[in-house]
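If you want the building blocks of each chain, they are given just below.
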Amino acid sequence: MSLTATTQWELPNSPHTPKTTIPCIGYGVYNAAGHSSILTALQQGYRLLDTAQLYENEAEVGHAVISCGLPRSELFIITKIGDPKGGVEETLESLRDSVRKSSGTKGKWEGGEGYVDLFLIHNPLSGPEGRKILWQALEKLRAEGSTREIGVSNYGINHIKELLTYASHPPVINQLELHPFCPQLALASFCASHNILLQAYSPLVRARKMDDPTLVSIAQAHNVTPAQVLVRWSLQKGWIPLPKSDDPERIRLNREVFGWALTEEEMAEIEKLGVGMEDGQGAVCPYLVHVP
Ligand SMILES: NC(=O)C1=CN([C@@H]2O[C@H](COP(=O)(O)OP(=O)(O)OC[C@H]3O[C@@H](n4cnc5c(N)ncnc54)[C@H](OP(=O)(O)O)[C@@H]3O)[C@@H](O)[C@H]2O)C=CC1
Ligand SMILES: O=C(O)C(=O)[C@@H](O)[C@H](O)C(=O)CO
């Protein structure tokens, strides 16, 4: 299948018929400057926005959803919760608060129409009991229609195996740090074998490798930037990259990754950059997939 700017992937583990689809690229808002950057991203064609309780900008995402002029059905809004707020019911209230903020409107449980498309557990740090409370609250949120899908982030193989012992449906997505310097090969292959799609966070390696000679030389060959090579590599791996920028020109360019492709040889050359970094040595975020 050829990739285009409007390609959507089906979520194989979606419990819905037809299965929910998700844009193949998104805009991440961690540390983003706010409403104006988010609106620029939407104007430039991004339709997926990735926020979190931690980022303290869910309300700015909600404001953009309401003010951007696009039909809500064209947007895909993701948010995340880090830890439980007591038991399942208290945690459900916290999830609902996020839905209200991120959708910019009242939620269904209070007579409104607000919903998000995907709610993730941000990381596995709350331990086995906490993770179970979070998932049970998320299942309730999905059951009432306040999120279409639920999933995880920074989950390692053991966390997913644990989740599968009590989940009514497997997670649709695992959002991970994924780029050439953090390839997470074993985890990526485990997720693929369980139909869990991968979202690639920090796909630009937080701009730390823009002068890497391999990336620079491949970028020159295609008359693009090293950032575009990183995003295109991620797409061709079958992941959903979430590049972040506050610069309008970079926001535009980071998504100009269609209509050209990396060759198999270039893909393999970039893959080699991660040899020896399979256990997270090249990670730029705290490496969480091995926490108990
Ligand atoms: N689930 C999780 O635990 C995590 C999720 N995420 C998600 O992933 C998103 C992206 O990850 P993030 O960590 O922000 O890192 P990215 O890899 O997207 O890098 C962002 C950095 O790269 C710079 N940059 C962007 N475009 C270019 C370019 N074309 N050339 C040079 N520099 C550029 C940005 O600066 P500038 O703005 O000035 O352009 C910024 O400093 C987050 O916003 C968040 O949504 C991120 C981390 C953890
Ligand atoms: O962006 C996120 O979702 C994160 O959890 C990370 O950015 C994390 O907070 C971090 O990078 C701390 O340095």
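What you see is a predicted model; the values in this text were computed from it and never measured.

1. Considering the overall build of the protein chain
A count of helical and extended segments in the protein chain gives 10 helices and 10 strands. A compact globule built from 292 residues should have a C-alpha radius of gyration of about 19 Å, and the protein chain, at 18 Å, falls within 12% of that. Here the C-alpha coordinates of the protein chain stretch approximately 55 × 45 × 35 Å along the principal axes. Per-residue burial over the protein chain gives 54% buried out of 292 residues.

2. With respect to the pattern of salt bridges
Going through the model one piece at a time under the given rule, you end up with 16 salt bridges. In this structure, aspartate 50 engages lysine 80 in a salt bridge whose closest nitrogen and oxygen atoms are separated by 2.8 Å. Here lysine 80 lies in strand β5 (residues 76–81) and aspartate 50 lies in strand β4 (residues 48–50), a separation of 30 residues in the sequence. Look at aspartate 50 and you get buried, because its relative accessible area is 3%. With its nearest N and O atoms 2.7 Å apart, the salt bridge here joins glutamate 249 to arginine 252. Here arginine 252 and glutamate 249 lie together in helix α9 (residues 248–253), a separation of 3 residues that amounts to about one turn. You can call glutamate 249 partly exposed: its relative accessible area is 40%. Here the salt bridges do not stand alone but share partners, grouping Asp97, Arg100, Lys101 and Glu110 into one network.

3. Notes on the site of ligand 1
Taken together, 27 residues sit near ligand 1, with Asp50, Leu204, Arg206, Ser245 and Asp246 positioned nearest. Histidine 122 is positioned such that a nitrogen or oxygen atom in its side chain is 3.3 Å from an oxygen atom of ligand 1. Asparagine 254 places a side-chain nitrogen or oxygen 3.0 Å from a nitrogen atom of ligand 1. Applying the majority rule of atoms within 2 Å of the grid points places ligand 1 in the largest pocket.

4. Some details on the layout of surface pockets
The volume enclosed by the largest pocket comes to roughly 930 Å³. Lining the largest pocket are 41 residues; nearest its centre among them are Tyr30, Ser202, Arg206, Lys244 and Cys285. Elements with a minimum of two residues in the lining of the largest pocket: β5 and α9.

5. Description of the UniProt feature "active site" (unreviewed entry) in the protein chain
The UniProt feature table records "active site" (unreviewed entry) at Tyr55. Tracing the sequence through the fold places tyrosine 55 in the loop between β4 and α2 (58–67).

6. Here's the deal with the site of ligand 2
What surrounds ligand 2 is the set Tyr30, Leu54, Tyr55, His122, Arg206, Cys285 and Pro286. Compared with its free state, where it exposes 320 Å², ligand 2 has 67% of that area covered by protein. Given that more than half its atoms are within 2 Å of the pocket grid, ligand 2 belongs to the largest pocket. Tallied by class, the residues present in the shell around ligand 2 amount to 5 nonpolar, 1 polar and 1 charged.

7. A short note on the pairing of strand β8 (residues 173–177)
Across the 5 residues of β8, 5 count as buried, placing the element largely inside the fold. Covered by surrounding structure in β8 are Ile173, Gln175 and Glu177 together with Asn174 and Leu176, the residues of both alternating faces. Both strand β7 (residues 147–153) and β8 contribute to a ladder of 2 bridges, which runs parallel. The residue of β8 that forms the bridge with valine 152 is asparagine 174. On the question of chirality, the crossover connecting β7 to the parallel β8 by way of helix α5 (residues 157–164) is right-handed. Bridge count between β8 and strand β9 (residues 197–201): 5 bridges; the pairing is parallel. Counterpart to asparagine 174 in the pairing with β9 is leucine 198. Running through helix α6 (residues 185–193), the crossover from β8 to the neighbouring parallel element β9 is right-handed.

8. Focus on the UniProt feature "site: Lowers pKa of active site Tyr" (unreviewed entry) in the protein chain
Under the feature "site: Lowers pKa of active site Tyr" (unreviewed entry), the UniProt entry names Lys80. What lysine 80 contacts, discounting residues up to four positions off in sequence, is Asp50, Thr51, Ala52, Gln53, Tyr55, Phe119, Leu120, His122 and Gln175. A polar contact is formed between the side chain of lysine 80 and the backbone oxygen of threonine 51, at a distance of 3.1 Å.

Conventions used here
Residues numbered from 1 in each chain as written. Chains lettered and ligands numbered in written order. Predicted model: local features only at pLDDT ≥ 70, side-chain atom pairs only at ≥ 80, totals over all residues. Heavy atoms only, no water. Helix = DSSP H or I, 4+ residues; strand = E, 2+ residues; numbered from the N terminus. Rg over C-alpha atoms; globule rule 2.2 N^0.38 Å. Buried < 20%, exposed > 50% of the residue type's maximum accessible area, 1.4 Å probe, protein only. Salt bridge = Lys/Arg side-chain N within 4 Å of Asp/Glu carboxyl O. Near = heavy atom within 4 Å. Polar contact = N/O pair within 3.5 Å; in protein donor to acceptor, adjacent residues only side chain to side chain. 1 Å grid on protein atoms, 1.4 Å probe; cavity = no way out; pocket = protein on both sides within 12 Å on 5 of 7 lines; lining within 4 Å. Sits in = over half its atoms within 2 Å of the grid points. Points joined across faces, edges and corners; volume = space filled by probe spheres on them. UniProt positions renumbered as here; feature names shortened; annotations may be inferred. Areas by Shrake-Rupley, 256 points an atom, 1.4 Å probe, with all protein chains shown as cover. Nonpolar A, V, L, I, M, F, W, Y, C, P; charged D, E, K, R; others polar. Pairing = 2+ DSSP bridges. Right-handed = clockwise from strand over helix to strand, strands pointing away. Contact = heavy atoms within 4.5 Å.

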